[in-house]
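Structure at a glance
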Amino acid sequence: MSIQEGNNANIKWIGVTSVLFGVLLIANHGNEILRQFVIVPDSVAESAVVADCRPDELEEENLSLKECHLMVSNVQIILASSPSWFRPVSVCLYLLGFLFALFSLLSGMRFITSPDSAQRSLRASFVSLTAIDFLIFATVSTTGPLLRSIYLWPNLLWFFIHLALLAAVVSYNSGSTQEVN
Amino acid sequence: MPNKVERSKVFSHWLIAISIFFLFVSSWWMLALPLPSENFTYRQLPFQLHKNIGITIFLIIIWLLTIRILKARERFHSSIKKSEKLAERVHLVIYFLIASCCISGYLSSSYSGWGTTVWWLLDLTSWAEENDSLNILFSDFHLWSCWVLLLAVVGHIGVALYHAFKNDQDIDKMYRW
(Lines give C-alpha, C1' and ligand atoms only; values in the text may rest on other atoms or scores of the structure.)
Protein backbone atom coordinates (compact mmCIF):
# COMPACT_ATOMS: atom_id res chain seq x y z
CA MET A 1 0.00 0.00 0.00
CA SER A 2 1.37 3.39 -0.80
CA ILE A 3 0.47 6.68 0.74
CA GLN A 4 1.35 10.18 -0.31
CA GLU A 5 3.13 11.57 2.69
CA GLY A 6 2.62 15.19 1.74
CA ASN A 7 -1.11 14.83 1.42
CA ASN A 8 -1.40 13.20 4.84
CA ALA A 9 0.64 15.85 6.63
CA ASN A 10 -1.13 18.93 7.97
CA ILE A 11 -0.01 21.67 5.62
CA LYS A 12 -2.69 24.13 6.70
CA TRP A 13 -0.21 25.77 9.08
CA ILE A 14 1.78 27.11 6.11
CA GLY A 15 -1.23 29.05 4.86
CA VAL A 16 -2.25 30.23 8.31
CA THR A 17 1.22 31.46 9.26
CA SER A 18 1.56 33.12 5.84
CA VAL A 19 -1.64 35.02 6.53
CA LEU A 20 -0.56 35.97 10.06
CA PHE A 21 2.86 37.21 8.99
CA GLY A 22 1.29 38.87 5.94
CA VAL A 23 -0.96 40.93 8.24
CA LEU A 24 1.96 41.87 10.49
CA LEU A 25 4.20 42.76 7.55
CA ILE A 26 1.56 44.97 5.93
CA ALA A 27 1.24 46.86 9.23
CA ASN A 28 5.02 47.11 9.58
CA HIS A 29 5.67 48.29 6.02
CA GLY A 30 2.66 50.60 6.11
CA ASN A 31 4.15 52.29 9.15
CA GLU A 32 7.55 52.50 7.51
CA ILE A 33 6.07 54.22 4.45
CA LEU A 34 4.24 56.61 6.78
CA ARG A 35 7.52 57.31 8.61
CA GLN A 36 9.23 58.19 5.33
CA PHE A 37 6.42 60.61 4.44
CA VAL A 38 6.43 62.29 7.85
CA ILE A 39 10.15 62.69 8.46
CA VAL A 40 11.29 64.58 5.40
CA PRO A 41 14.61 66.33 4.74
CA ASP A 42 14.87 70.10 5.33
CA SER A 43 12.13 69.95 7.95
CA VAL A 44 12.14 71.98 11.16
CA ALA A 45 14.02 69.40 13.27
CA GLU A 46 17.13 70.08 11.19
CA SER A 47 17.14 73.76 12.16
CA ALA A 48 18.05 74.98 15.61
CA VAL A 49 14.42 75.27 16.78
CA VAL A 50 14.00 74.08 20.36
CA ALA A 51 11.24 71.62 21.26
CA ASP A 52 8.06 73.21 22.57
CA CYS A 53 7.51 71.37 25.85
CA ARG A 54 4.48 72.92 27.54
CA PRO A 55 3.84 71.64 31.10
CA ASP A 56 0.21 70.74 30.32
CA GLU A 57 1.29 68.67 27.28
CA LEU A 58 3.98 66.95 29.35
CA GLU A 59 1.40 66.00 31.96
CA GLU A 60 -1.03 64.83 29.29
CA GLU A 61 1.57 62.58 27.67
CA ASN A 62 3.16 61.53 30.95
CA LEU A 63 6.58 62.77 29.80
CA SER A 64 9.60 64.33 31.47
CA LEU A 65 11.13 67.52 30.06
CA LYS A 66 14.19 65.57 28.98
CA GLU A 67 12.09 63.03 27.09
CA CYS A 68 10.28 65.86 25.33
CA HIS A 69 13.59 67.29 24.10
CA LEU A 70 14.84 63.86 23.08
CA MET A 71 11.80 63.41 20.83
CA VAL A 72 13.29 66.05 18.54
CA SER A 73 16.63 64.23 18.67
CA ASN A 74 14.76 61.11 17.59
CA VAL A 75 13.78 62.82 14.35
CA GLN A 76 17.23 64.40 14.00
CA ILE A 77 18.85 60.96 14.18
CA ILE A 78 16.83 59.77 11.17
CA LEU A 79 17.43 62.97 9.19
CA ALA A 80 21.14 63.27 9.93
CA SER A 81 21.95 59.64 9.22
CA SER A 82 19.92 59.24 6.01
CA PRO A 83 21.83 59.83 2.78
CA SER A 84 19.83 61.73 0.15
CA TRP A 85 19.12 58.56 -1.86
CA PHE A 86 17.94 56.59 1.19
CA ARG A 87 14.39 57.94 1.42
CA PRO A 88 13.26 57.33 -2.21
CA VAL A 89 14.94 53.92 -2.32
CA SER A 90 13.43 52.78 0.96
CA VAL A 91 9.95 54.10 0.02
CA CYS A 92 10.12 51.99 -3.18
CA LEU A 93 11.35 48.89 -1.35
CA TYR A 94 8.80 49.16 1.45
CA LEU A 95 6.02 49.83 -1.04
CA LEU A 96 7.01 46.71 -2.98
CA GLY A 97 7.21 44.80 0.29
CA PHE A 98 3.75 46.07 1.24
CA LEU A 99 2.27 44.83 -2.06
CA PHE A 100 3.95 41.42 -1.86
CA ALA A 101 2.87 41.07 1.78
CA LEU A 102 -0.70 41.61 0.57
CA PHE A 103 -0.10 39.04 -2.17
CA SER A 104 1.28 36.53 0.37
CA LEU A 105 -1.76 37.09 2.59
CA LEU A 106 -4.18 36.36 -0.26
CA SER A 107 -2.11 33.42 -1.50
CA GLY A 108 -1.91 32.05 2.06
CA MET A 109 -5.70 32.19 2.31
CA ARG A 110 -6.05 30.31 -0.96
CA PHE A 111 -3.40 27.81 0.12
CA ILE A 112 -5.57 26.73 3.07
CA THR A 113 -8.52 25.80 0.91
CA SER A 114 -6.74 24.68 -2.28
CA PRO A 115 -3.00 24.17 -1.69
CA ASP A 116 -2.20 22.77 -5.11
CA SER A 117 -3.47 25.75 -7.06
CA ALA A 118 -2.13 28.36 -4.63
CA GLN A 119 1.30 26.88 -4.10
CA ARG A 120 2.95 28.64 -7.04
CA SER A 121 1.70 32.08 -6.11
CA LEU A 122 2.62 31.58 -2.44
CA ARG A 123 6.12 30.48 -3.45
CA ALA A 124 6.45 33.49 -5.75
CA SER A 125 5.36 35.85 -2.98
CA PHE A 126 7.93 34.44 -0.52
CA VAL A 127 10.72 34.51 -3.10
CA SER A 128 9.87 38.19 -3.71
CA LEU A 129 9.60 39.02 0.00
CA THR A 130 12.92 37.31 0.77
CA ALA A 131 14.55 39.24 -2.08
CA ILE A 132 13.03 42.54 -0.84
CA ASP A 133 14.22 41.83 2.72
CA PHE A 134 17.69 41.20 1.33
CA LEU A 135 17.60 44.45 -0.67
CA ILE A 136 16.44 46.44 2.37
CA PHE A 137 19.23 44.84 4.40
CA ALA A 138 21.80 45.69 1.73
CA THR A 139 20.48 49.27 1.44
CA VAL A 140 20.56 49.93 5.18
CA SER A 141 24.00 48.30 5.50
CA THR A 142 25.51 51.03 3.36
CA THR A 143 24.26 53.79 5.70
CA GLY A 144 25.74 54.77 9.07
CA PRO A 145 25.52 53.02 12.47
CA LEU A 146 22.46 55.02 13.61
CA LEU A 147 20.15 53.75 10.87
CA ARG A 148 21.69 50.29 11.02
CA SER A 149 20.83 50.11 14.73
CA ILE A 150 17.17 50.86 13.93
CA TYR A 151 16.60 48.73 10.86
CA LEU A 152 19.02 45.82 10.50
CA TRP A 153 17.91 43.45 13.25
CA PRO A 154 14.11 43.60 12.61
CA ASN A 155 14.88 43.27 8.91
CA LEU A 156 16.99 40.17 9.51
CA LEU A 157 14.15 38.63 11.53
CA TRP A 158 11.72 39.21 8.64
CA PHE A 159 14.26 37.73 6.23
CA PHE A 160 14.44 34.48 8.21
CA ILE A 161 10.66 34.32 8.66
CA HIS A 162 10.19 34.56 4.90
CA LEU A 163 13.02 32.13 4.22
CA ALA A 164 11.46 29.59 6.61
CA LEU A 165 8.03 29.97 5.00
CA LEU A 166 9.55 29.69 1.53
CA ALA A 167 11.30 26.46 2.55
CA ALA A 168 7.99 25.16 3.93
CA VAL A 169 6.13 25.90 0.68
CA VAL A 170 8.89 24.33 -1.43
CA SER A 171 9.06 21.25 0.80
CA TYR A 172 5.30 20.81 0.51
CA ASN A 173 5.83 20.41 -3.24
CA SER A 174 8.53 17.76 -2.91
CA GLY A 175 6.69 15.99 -0.07
CA SER A 176 3.46 15.63 -2.01
CA THR A 177 5.17 14.04 -4.98
CA GLN A 178 7.32 11.66 -2.93
CA GLU A 179 5.75 8.25 -2.44
CA VAL A 180 6.31 6.36 0.79
CA ASN A 181 5.73 2.61 0.96
CA MET B 1 -19.00 28.83 -2.19
CA PRO B 2 -19.47 31.59 0.41
CA ASN B 3 -22.26 34.09 -0.23
CA LYS B 4 -21.86 37.87 -0.50
CA VAL B 5 -22.39 38.53 3.21
CA GLU B 6 -19.93 35.81 4.22
CA ARG B 7 -17.36 37.22 1.80
CA SER B 8 -17.77 40.74 3.08
CA LYS B 9 -17.46 39.43 6.66
CA VAL B 10 -14.19 37.70 5.76
CA PHE B 11 -12.97 40.84 4.00
CA SER B 12 -13.94 43.01 7.01
CA HIS B 13 -12.22 40.63 9.42
CA TRP B 14 -8.89 40.87 7.60
CA LEU B 15 -9.22 44.59 6.96
CA ILE B 16 -9.79 45.16 10.69
CA ALA B 17 -6.88 42.83 11.55
CA ILE B 18 -4.46 44.77 9.33
CA SER B 19 -5.81 48.11 10.56
CA ILE B 20 -5.52 47.19 14.24
CA PHE B 21 -1.91 46.05 13.89
CA PHE B 22 -1.12 49.14 11.84
CA LEU B 23 -2.70 51.34 14.53
CA PHE B 24 -0.63 49.66 17.24
CA VAL B 25 2.68 49.89 15.43
CA SER B 26 2.08 53.42 14.16
CA SER B 27 0.86 54.72 17.52
CA TRP B 28 3.95 53.41 19.32
CA TRP B 29 6.04 55.21 16.72
CA MET B 30 4.06 58.44 16.41
CA LEU B 31 3.96 59.05 20.16
CA ALA B 32 7.75 59.33 20.05
CA LEU B 33 7.51 62.21 17.56
CA PRO B 34 8.04 65.77 18.88
CA LEU B 35 5.07 67.28 20.72
CA PRO B 36 2.90 69.42 18.43
CA SER B 37 3.57 73.16 18.27
CA GLU B 38 3.64 75.90 15.65
CA ASN B 39 7.02 74.67 14.46
CA PHE B 40 6.72 70.95 14.98
CA THR B 41 3.91 69.42 12.93
CA TYR B 42 5.28 65.89 12.59
CA ARG B 43 2.33 64.39 14.43
CA GLN B 44 -0.34 65.94 12.21
CA LEU B 45 -0.49 63.32 9.44
CA PRO B 46 -0.07 60.22 11.64
CA PHE B 47 -2.71 61.42 14.12
CA GLN B 48 -5.24 62.26 11.41
CA LEU B 49 -4.64 58.87 9.80
CA HIS B 50 -4.93 57.15 13.21
CA LYS B 51 -8.29 58.84 13.88
CA ASN B 52 -9.61 58.13 10.38
CA ILE B 53 -8.74 54.44 10.54
CA GLY B 54 -10.29 54.27 14.03
CA ILE B 55 -13.55 55.86 12.84
CA THR B 56 -13.68 53.50 9.85
CA ILE B 57 -13.07 50.44 12.05
CA PHE B 58 -15.85 51.58 14.37
CA LEU B 59 -18.32 51.80 11.46
CA ILE B 60 -17.31 48.33 10.24
CA ILE B 61 -17.75 46.94 13.78
CA ILE B 62 -21.27 48.41 13.94
CA TRP B 63 -22.06 46.74 10.63
CA LEU B 64 -20.59 43.38 11.74
CA LEU B 65 -22.55 43.56 14.99
CA THR B 66 -25.76 44.19 13.05
CA ILE B 67 -25.13 41.12 10.89
CA ARG B 68 -24.33 39.06 13.99
CA ILE B 69 -27.55 40.15 15.74
CA LEU B 70 -29.65 39.40 12.66
CA LYS B 71 -28.00 35.99 12.32
CA ALA B 72 -28.45 35.23 16.01
CA ARG B 73 -32.20 35.70 15.55
CA GLU B 74 -32.18 33.27 12.61
CA ARG B 75 -30.28 30.69 14.62
CA PHE B 76 -32.40 31.16 17.73
CA HIS B 77 -34.12 27.80 17.44
CA SER B 78 -31.25 25.84 15.93
CA SER B 79 -28.88 24.07 18.30
CA ILE B 80 -25.25 25.11 18.21
CA LYS B 81 -22.18 23.46 19.72
CA LYS B 82 -20.74 24.64 23.05
CA SER B 83 -17.49 25.68 21.34
CA GLU B 84 -19.45 27.76 18.82
CA LYS B 85 -21.29 29.49 21.64
CA LEU B 86 -17.97 30.28 23.32
CA ALA B 87 -16.50 31.58 20.06
CA GLU B 88 -19.56 33.79 19.59
CA ARG B 89 -19.08 35.31 23.05
CA VAL B 90 -15.35 35.84 22.56
CA HIS B 91 -16.07 37.62 19.27
CA LEU B 92 -18.57 39.87 21.02
CA VAL B 93 -15.96 40.72 23.69
CA ILE B 94 -13.42 41.59 20.97
CA TYR B 95 -16.01 43.76 19.16
CA PHE B 96 -16.78 45.48 22.46
CA LEU B 97 -13.08 46.12 23.12
CA ILE B 98 -12.51 47.48 19.61
CA ALA B 99 -15.53 49.76 19.98
CA SER B 100 -14.27 50.92 23.41
CA CYS B 101 -10.88 51.80 21.93
CA CYS B 102 -12.52 53.73 19.10
CA ILE B 103 -15.01 55.60 21.30
CA SER B 104 -12.47 56.51 24.00
CA GLY B 105 -10.01 57.65 21.31
CA TYR B 106 -12.68 59.80 19.69
CA LEU B 107 -13.73 61.33 23.02
CA SER B 108 -10.13 62.02 24.00
CA SER B 109 -9.57 63.71 20.65
CA SER B 110 -12.78 65.72 21.00
CA TYR B 111 -11.70 67.13 24.38
CA SER B 112 -8.14 67.76 23.18
CA GLY B 113 -9.21 70.67 21.00
CA TRP B 114 -7.74 69.14 17.83
CA GLY B 115 -10.20 68.77 14.97
CA THR B 116 -10.88 65.65 12.93
CA THR B 117 -11.27 65.57 9.17
CA VAL B 118 -12.67 62.25 7.95
CA TRP B 119 -10.31 61.04 5.25
CA TRP B 120 -9.40 64.65 4.46
CA LEU B 121 -12.88 65.20 3.02
CA LEU B 122 -15.31 65.96 5.80
CA ASP B 123 -14.67 68.13 8.85
CA LEU B 124 -16.36 66.62 11.90
CA THR B 125 -18.21 69.23 13.91
CA SER B 126 -16.52 69.95 17.18
CA TRP B 127 -19.17 69.42 19.89
CA ALA B 128 -16.91 69.64 22.95
CA GLU B 129 -14.93 72.46 24.52
CA GLU B 130 -11.25 71.82 25.11
CA ASN B 131 -10.94 70.14 28.52
CA ASP B 132 -7.58 68.85 29.73
CA SER B 133 -8.81 66.66 32.55
CA LEU B 134 -11.44 64.91 30.37
CA ASN B 135 -8.85 64.54 27.62
CA ILE B 136 -6.46 62.83 30.05
CA LEU B 137 -9.26 60.64 31.44
CA PHE B 138 -10.36 59.36 28.02
CA SER B 139 -6.78 59.15 26.81
CA ASP B 140 -5.98 56.82 29.76
CA PHE B 141 -9.11 54.81 29.03
CA HIS B 142 -8.04 54.60 25.37
CA LEU B 143 -4.58 53.40 26.38
CA TRP B 144 -5.78 50.70 28.77
CA SER B 145 -8.62 49.46 26.57
CA CYS B 146 -6.10 49.10 23.75
CA TRP B 147 -3.72 47.07 25.94
CA VAL B 148 -6.63 44.77 26.85
CA LEU B 149 -7.57 44.55 23.18
CA LEU B 150 -4.01 43.54 22.30
CA LEU B 151 -4.19 40.82 24.93
CA ALA B 152 -7.51 39.60 23.51
CA VAL B 153 -6.12 39.65 19.95
CA VAL B 154 -3.11 37.59 21.06
CA GLY B 155 -5.50 35.06 22.61
CA HIS B 156 -7.66 35.06 19.48
CA ILE B 157 -4.64 34.40 17.24
CA GLY B 158 -3.37 31.71 19.62
CA VAL B 159 -6.69 29.84 19.45
CA ALA B 160 -6.84 30.25 15.65
CA LEU B 161 -3.33 28.79 15.33
CA TYR B 162 -4.29 25.92 17.65
CA HIS B 163 -7.23 25.01 15.40
CA ALA B 164 -5.05 25.32 12.30
CA PHE B 165 -2.34 23.05 13.69
CA LYS B 166 -4.98 20.62 14.90
CA ASN B 167 -6.28 20.60 11.34
CA ASP B 168 -9.97 20.77 12.22
CA GLN B 169 -12.36 22.72 10.02
CA ASP B 170 -13.27 25.35 12.63
CA ILE B 171 -11.41 28.28 11.13
CA ASP B 172 -11.55 27.44 7.42
CA LYS B 173 -14.47 29.76 6.72
CA MET B 174 -12.31 32.80 7.63
CA TYR B 175 -9.94 31.95 4.78
CA ARG B 176 -12.58 31.34 2.08
CA TRP B 177 -12.55 34.07 -0.46
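Residues numbered from 1 in each chain as written. Chains lettered and ligands numbered in written order. Predicted model: local features only at pLDDT ≥ 70, side-chain atom pairs only at ≥ 80, totals over all residues. Heavy atoms only, no water.

**Regarding the nonpolar core**
If you look at the biggest cluster of nonpolar residues, it comprises 75 residues, and the most contacted ones within it are B:Y42, B:I57 and B:I98. The greatest single-element share of this core, amounting to twelve residues, is contributed by helix α1 (residues 4-30) of chain B. B:I57 has contacts with B:I16, B:S19, B:I20, B:L23, B:I98 and B:C102, leaving out every residue within four places of it along the chain. Among the nonpolar cores identified, the runner-up in size contains ten residues, and A:F86, A:L93, A:V140 and A:L147 belong to it. (Core = buried A, V, L, I, M, F, W, Y, C linked by side-chain atoms within 4.5 Å. Buried < 20%, exposed > 50% of the residue type's maximum accessible area, 1.4 Å probe, protein only. Helix = DSSP H or I, 4+ residues; strand = E, 2+ residues; numbered from the N terminus. Contact = heavy atoms within 4.5 Å.)

**A few points about empty space enclosed by the protein**
Residues and elements named next belong to chain A. Counted by the stated rule, this structure contains one cavity of 30 Å³ or more. In this structure, the largest cavity encloses a volume near 40 Å³. Together, F86, S90, L93, Y94, I136, T139, V140 and Y151 line the largest cavity. Looking at the lining of the largest cavity element by element, the count peaks at four residues for helix α5 (residues 86-113). Grouping the amino acids of the lining of the largest cavity by side-chain chemistry returns six nonpolar, two polar and no charged. (1 Å grid on protein atoms, 1.4 Å probe; cavity = no way out; pocket = protein on both sides within 12 Å on 5 of 7 lines; lining within 4 Å. Points joined across faces, edges and corners; volume = space filled by probe spheres on them. Nonpolar A, V, L, I, M, F, W, Y, C, P; charged D, E, K, R; others polar.)

**Section: the interface of chain A and chain B**
By a frequent convention, interface size equals the accessible area lost on bringing the separate parts together. Listed by partner, the interface residues are 40 residues for chain A and 40 residues for chain B. Both faces combined, the contact of chain A with chain B buries some 3600 Å², and carbon together with sulfur accounts for 73% of it. Taken as a group, A:K12, A:E60 and A:M109 account for 16% of the area that chain A buries against chain B, more than any other trio of residues on that side. For the pair chain A and chain B, the number of links is one salt bridge. As a salt-bridge pair, B:R43 and A:E61 come within 2.9 Å of each other at their nearest N and O atoms. Remark: the boundary between chain A and chain B carries four residue pairs in polar contact (both at pLDDT 80 or more). Of all the secondary structure elements, the ones that give two or more residues to the side of chain A that touches chain B are α2 (12-38), α3 (55-61), α4 (65-81) and α5 of chain A. It is α2(A) that provides the largest number of residues to the side of chain A that touches chain B, a total of 14 residues. Classifying every residue of the side of chain A that touches chain B by side-chain character gives 26 nonpolar, six polar and eight charged. (Buried area = accessible area lost by both parts, 1.4 Å probe. Salt bridge = Lys/Arg side-chain N within 4 Å of Asp/Glu carboxyl O. Polar contact = N/O pair within 3.5 Å; in protein donor to acceptor, adjacent residues only side chain to side chain.)

**A closer look at the confidence of the model for chain A**
Residues and elements named next belong to chain A. On average, residues of chain A score 87 in pLDDT, and 90% of them are at 70 or above. For the stretch residues 1-8, pLDDT sits under 50, and the model shows 19 contacts to residues farther than four places along the chain or on other chains. Here residues 177-181 scores under 50 on pLDDT; set against residues more than four positions off or in separate chains, the count is eleven contacts. (pLDDT = per-residue confidence, 0-100.)

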